[in-house]
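One letter stands for each residue in the lines below.
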Amino acid sequence: MSRTVVWFRRDLRLAENPLTAAASADGEVVPLFVVDPAFDRSGAARRAFMADALRSLGASMGGALVYRHGDPITTVPAFAAEVGAALVIVSDDFGPYGRRRDAAVADRLATDGRTLRRVGSPYVHAPGSVRKDDGTPYAVFTPFSRRWQMLTAPERVAESHDTDWYGAPAVPCDGPPERPDPGHDLPVADEVTAHRMFDEFDRRGGLDHYADDRNVPAIEGTSRMSPYLRWGIVHPNQLIHRLRPMPSHDVFRSELCWRDFYADILATRPETAWTNLKPQMNAMPVDTDERARSRFDAWAAGTTGYPIVDAGMRQLLATGWMHNRVRMVVASFLIKDLHLPWQWGARHFMRHLIDGDLASNNHGWQWAAGTGTDAAPYFRIFNPVSQSERFDADGEYIRRWVTELAHTPANAIHAPWASKRGIPLGYQAPIVDHADERAEALARYSMVTRR
């Protein structure tokens, strides 16, 4: 009987998985996960969530998942030879590291007469499939989204209930990856929980009211699907097929489109993972001295004196997640109030986020910095006080995460330094004046535009 290796990466599920569907047609399926030393660069929360997801995946196939530790470039070809598999099936990877790794693995397999076959991707429409009429990529979201919407929604993958697993314990296993302690609780990382969460989100009207509620950090107005999408516990196509023809559902669909868009940008311009998409913005002066480091530390710890910023940063440290509206606020603050490199913030997020994804995270930061795909000029500068007043009017979100302000009334909580009551004991004065720093940010931008 022939054997096929399914090399799991960002597709840690069995339901509607094209990998297992394709492999099951060719005989025995050998499930493999390679514990890559490159994972050590990931934050503890993301690696812990991955370990939990792998444990759930292995249990769902009766413990057959085989772990091997090492560089995939040598480990995967050796494993395929060991189990006598002529074919290794993977979900396509479009990140800079993933593309280099897969090309090298394919070359190694080919020298031994074996094949790496790419089946599907972690996206609704894989990078490279949404193009202009002349075949060139889009650089701005709105025209990309129009073309994206015109493409036929992918068909659902037929379920495979008769997979013939050949794996552990018959195949030697190195054991699962070490699960680091993130210092806080994590969401349950399995398919059943993910779909139950989305069902509950829909039942309570989360999709129907998504357009408005998604911007309010004090309520459960978002689906919390991002960690599950990051690891492929849920595929975006599974969510797309749950949406109905309603305006708020269209907004949710647009968020999935943003995910595809950023992946497409990174696949087209891999160097923009850590460099400016707009090269003219390389001339923007940023601060990197000792004072800058001190300000970064205050931002990272949630001790800036701006309640909405501090609430977001503390939520990140305490949970490994941050509300998306608040992500934009804290990013704008780091870049345009503190004048720090966006890369500092992007690395901090990737170190702590459960849902940390290179394309979405780093190009989201470039959007905030005005160095990326944002069609609006650099002078979009979020005022942390007005953002707080608008999206957390009663201060509920702030009180939840900034306990020093737990008893501060709503009319004083957004800018406690301006209140007659004064700054509550234990909280701090703002580390910068927003009005002054906004003027400084615009002055620095004018230096770029004059060049």
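Computed from a prediction, not measured in an experiment: that's the story for all the values here. (Residues numbered from 1 in each chain as written. Predicted model: local features only at pLDDT ≥ 70, side-chain atom pairs only at ≥ 80, totals over all residues. Heavy atoms only, no water.)

**Some words on the packing of helix α12 (residues 307–319) against helix α13 (residues 324–337)**
No. 1: With their axes 9 Å apart at the nearest point, α12 and α13 run at an angle of 115° to one another. The angle between α12 and α13 places the two elements in the roughly perpendicular class. Taken as a pair, α12 and α13 cross one another with a handedness that is left-handed. The residues of α13 that touch α12, namely those facing Ile308, Val309, Gly312 and Met313, are Val326, Val329, Val330 and Phe333.
No. 2: Within the contact of α12 with α13, the residues separate by chemical class into seven nonpolar, one polar and no charged. (Axes fitted to C-alpha atoms, helices over the stretch in contact; angles between N-to-C directions. Helix = DSSP H or I, 4+ residues; strand = E, 2+ residues; numbered from the N terminus. Parallel < 35°, antiparallel > 145°, perpendicular 65-115°, else oblique. Left-handed = near helix turned anticlockwise from the far one by under 90°. Contact = heavy atoms within 4.5 Å. Nonpolar A, V, L, I, M, F, W, Y, C, P; charged D, E, K, R; others polar.)

**What to know about unusual backbone geometry**
No. 1: A cis amide bond links Ala168 to the next residue, Pro169, at an omega of 5°.
No. 2: With phi around 50°, Glu16 is a residue other than glycine that occupies positive phi space.
No. 3: Relative to the helices and strands, Glu16 resides in the loop between β1 (3–7) and α1 (18–24).
No. 4: Judged by its relative accessible area of 12%, Glu16 is buried.
No. 5: In this structure, Arg224 takes a positive phi of about 60° despite not being glycine.
No. 6: Positionally, Arg224 belongs in the loop between α7 (210–213) and α8 (226–230). (Buried < 20%, exposed > 50% of the residue type's maximum accessible area, 1.4 Å probe, protein only.)

**Notes on empty space enclosed by the protein**
No. 1: Evaluated as defined, the whole model comprises three cavities of 30 Å³ or more.
No. 2: Of the pockets and cavities examined, the largest cavity occupies roughly 60 Å³.
No. 3: Lining the largest cavity are Arg9, Arg10, Asp11, Ser91, Asp92, Asp93 and Pro122.
No. 4: Split into classes, the residues belonging to the lining of the largest cavity amount to one nonpolar, one polar and five charged. (1 Å grid on protein atoms, 1.4 Å probe; cavity = no way out; pocket = protein on both sides within 12 Å on 5 of 7 lines; lining within 4 Å. Points joined across faces, edges and corners; volume = space filled by probe spheres on them.)

**Remarks on the packing of helix α10 (residues 247–268) against helix α15 (residues 358–369)**
No. 1: Running from N to C, α10 and α15 point in directions that differ by 90°, and their axes come no closer than 8 Å. Considering their axes alone, α10 and α15 lie roughly perpendicular with respect to each other. From α10, Trp258, Arg259, Tyr262, Ala263, Ile265 and Leu266 reach across to α15, where they touch Leu358, Ala359, Ser360, His363, Gly364 and Trp367.

**Some remarks on the layout of surface pockets**
No. 1: Quantified by volume, the largest pocket comes out at close to 1400 Å³.
No. 2: Residue lining of the largest pocket: 45 residues in total, with Glu255, Trp258, Tyr262, Asn324 and Ser360 positioned closest to the centre.
No. 3: Broken down by secondary-structure element, the contributors of at least two residues to the lining of the largest pocket are α5 (141–150), α8, α10, α13 and α15.
No. 4: Each residue belonging to the lining of the largest pocket can be placed in one class, and the counts come to 21 nonpolar, 12 polar and 12 charged.
No. 5: Quantified by volume, the second largest pocket comes out at close to 970 Å³.
No. 6: What lines the second largest pocket is a set of 38 residues, among which Arg41, Tyr97, Arg230, Met350 and Leu358 lie closest to the centre.
No. 7: Elements with a minimum of two residues in the lining of the second largest pocket: β2 (28–35), α4 (96–111), α10, α14 (342–352) and α15.
No. 8: Looking at the lining of the second largest pocket element by element, the count peaks at five residues for α4.
No. 9: For the lining of the second largest pocket, the residue count by class is 21 nonpolar, four polar and 13 charged.

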